[in-house]
Amino acid sequence: MVAKTMDRTETDWDAFAASLTPVEVISEPVLVKKRSRDFFWYSPLLNAQLRKCFGDLVAVPKTTSEMRHCLQRAYEEDLPVTLRGGGTGNYGQAVPLKGGLIIESTAMNKILEIGEGYVRAEAGALMADVNAALMAQGWEMTMFPSTQDIATIGGFVAGGSAGIGSIANGALREKGNIIQLKALSMEAHPQEHIFDAEEALQIHHAWGLNGVITEVTLRTVPHRDWVGCMATFDTYRDCYAAGYALASASDIGRKLASTVEARIVEYFPRLKGHIREGKHLLVSLVPAEDMEAFRKLISDQGGHLDLAMTDAERQAVKIPHVFEFAYNHTTLQVLKADRSATYQQIGVPDPADADAVAAVGAALGDDVWQHHEFALLDGKIVAFDLPIIWFKDEARLREIDGIYQQHNHSVADAHTYHVEGGGLKNADYRHLAWKKRMDPKGLLNPGKSRAWEEIKHLSAEEIEAKAKG
């Protein structure tokens, strides 16, 4: 089924573009179409549904004032607005289902302040640039996506949830990780609202449905000298067990703990000659001072430490960052070679039970290849599988989901463009109450929330009451 788009309005887009002056606009159809896409093509289902969804015009504001002007004009004309950062989302978060105006934030990219344990930046600042600026002053991000070179800090907060560093510092929503967000409303006179600490969760991970993030303040941690490590194992069960051992080790710092089945590793050609052929892979980032303990852990777990490099050593031999073989970069590495692959997001019920992980792997069949990430959630170690799935059809995909569920694994569907359909599962009425306050006409990223269509006639207070019971 192709996503249903609204009938195009009779908007005079040339006149509307002129009314946005002095904001930079992009009207060339090829460029507008390019900016109407994100990484939804990871999913063949989303690719079929979203590939014909395009915006009508792109605006590239450079300041909050210019952003406010874009929102005010779109509100006056009742035009749908879709916010876009680097376009690295996998679920169509940045795809304009109903056409209209795309607002790209990448020109609002200033790093505003670096202080003791925090960084404040405009929403369009690239994660890699923020990290580089922090490291120059002895700090680093608590976490970042594997796509940091093109992902924006605002887009990460709006559409992401975890990343490299989450094994040490938890998910983005963990207390203290988001210090403050600033967001503009979509109304006749757009207002900038400030959301501190816990209040920021009412804007976080809402895909730009309920406010336009303009500024982000995140917690930072002291920079450490990280060593990129790759260890190999004869069985995936042992590789996973070593990953859990690293994730739970009290004497080893770690910024990444990712396990990848050997069949997936075959799709990492740039690692040829650096790691043992045909083995299962544990990818990690470990501080230099803990390397002796890490080497012992790998040995005790029956593995072999193939690669341990500082960033300078890695650059000298011209191989990618180790985190480019983790999280959804793993999926990307496979998709570069064969676009018939896809993935899913699976929660592991007991991360300590390597035998159960091996059992579900055996039950899945040859078209599902396991890949696990470890993270902290509410102070506890969790594991989730981002398997490579060789796509046949939706019926087989749902059969695979069922096999996981029969083994007590949870499924957060990666093949839906609705915010309630994946990891969120049910409607977040806190998000939707703020959508009513910030976006009374429902013009921000329309079509991405099933629940909004059912409750948009209610007041913000009535919507919020649903969250309380």
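Quick caveat: nothing in here was measured; it's all calculated off a predicted structure. (Residues numbered from 1 in each chain as written. Predicted model: local features only at pLDDT ≥ 70, side-chain atom pairs only at ≥ 80, totals over all residues. Heavy atoms only, no water.)

### A word on the overall build of the chain
As a reminder of what qualifies: Only runs of H or I of at least four residues qualify as helices and only runs of E of at least two qualify as strands under DSSP, and these elements are numbered from the N terminus. We take the radius of gyration over the C-alpha atoms and set the globule estimate at 2.2 Å times the residue count to the 0.38 power. Note on areas: these come from Shrake-Rupley sampling with a 1.4 Å probe, and a residue is covered only by the protein chains present in the view.
Scanning the chain from terminus to terminus reveals 17 helices and 21 strands. A globule of 469 residues ought to have a C-alpha radius of gyration of about 23 Å, and the chain, at 22 Å, matches this closely. Taken along its principal axes, the extent of the C-alpha atoms in the chain is 65 × 50 × 45 Å. Summed over all atoms, the accessible surface of the chain reaches about 18800 Å², with 49% contributed by carbon and sulfur.

### Overview of helix α5 (residues 127-135)
Selection rule: With a 1.4 Å probe rolled over the protein chains alone, any residue whose accessible area is under 20% of its type maximum counts as buried; one over 50% counts as exposed, and the rest are partly exposed. What the arc measures is the spread of directions leading from the helix axis to the C-beta atoms. Residue contacts are counted whenever heavy atoms from the two residues lie within 4.5 Å of one another.
Buried within α5 are the following residues: Met127, Ala128, Val130, Asn131 and Leu134. Taken end-on, α5 shows its buried residues confined to a sector of 160°, consistent with a single buried face. Contact partners of the buried residues in α5: β5 (111-115), β6 (118-122), β7 (139-141), α6 (153-159) and β10 (212-222).

### Structural notes on the layout of surface pockets
Inclusion rule: The way it works is a 1 Å grid over only the protein atoms, where trapped points that fit a 1.4 Å probe form a cavity and open points with protein on both sides within 12 Å along at least five of seven lines form a pocket, and then any residue with an atom within 4 Å of a point lines it. Grid points are joined across faces, edges and corners, and a volume is the space filled by probe spheres set on the points. Under the grouping applied here, Gly and all other residues not named as nonpolar or charged are polar, the nonpolar ones being Ala, Val, Leu, Ile, Met, Phe, Trp, Tyr, Cys and Pro and the charged ones Asp, Glu, Lys and Arg.
The calculated volume of the second largest pocket comes to roughly 470 Å³. Around the second largest pocket sit 24 residues that line it, and Met135, Trp226, Asp311, His321 and Phe323 are the ones nearest its centre. Those elements that provide at least two residues to the lining of the second largest pocket are α5, β11 (226-233), β14 (304-309) and α11 (311-317). At four residues, the largest contribution of residues to the lining of the second largest pocket is made by α5. The residue makeup of the lining of the second largest pocket, split by class, is 12 nonpolar, six polar and six charged.

### A few points about the sheet that holds β14
Selection rule: What makes two strands pair is DSSP finding at least two bridges between them. Throughout, an axis means a line fitted to C-alpha atoms (over the contacting stretch in the case of helices), and angles, computed between N-to-C directions, take values from 0 to 180 degrees.
Spatially, eight strands are ordered β14-β11-β13-β12-β18-β19-β16-β21 in an open sheet, and the strand pairing comes out antiparallel. Each edge of the sheet is formed by a strand with only one pairing partner; in this case those strands are β14 and β21 (410-412). Recorded for the sheet is a direction-independent mean angle of 25° between the axes of neighbouring strands. Where helix α8 (residues 236-248) meets the sheet, it contacts β11, β12 (256-260), β13 (280-287), β18 (371-377) and β19 (380-385), and its direction lies at approximately 175° from that of β12.

Taken by themselves, the reported measurements are silent on function.
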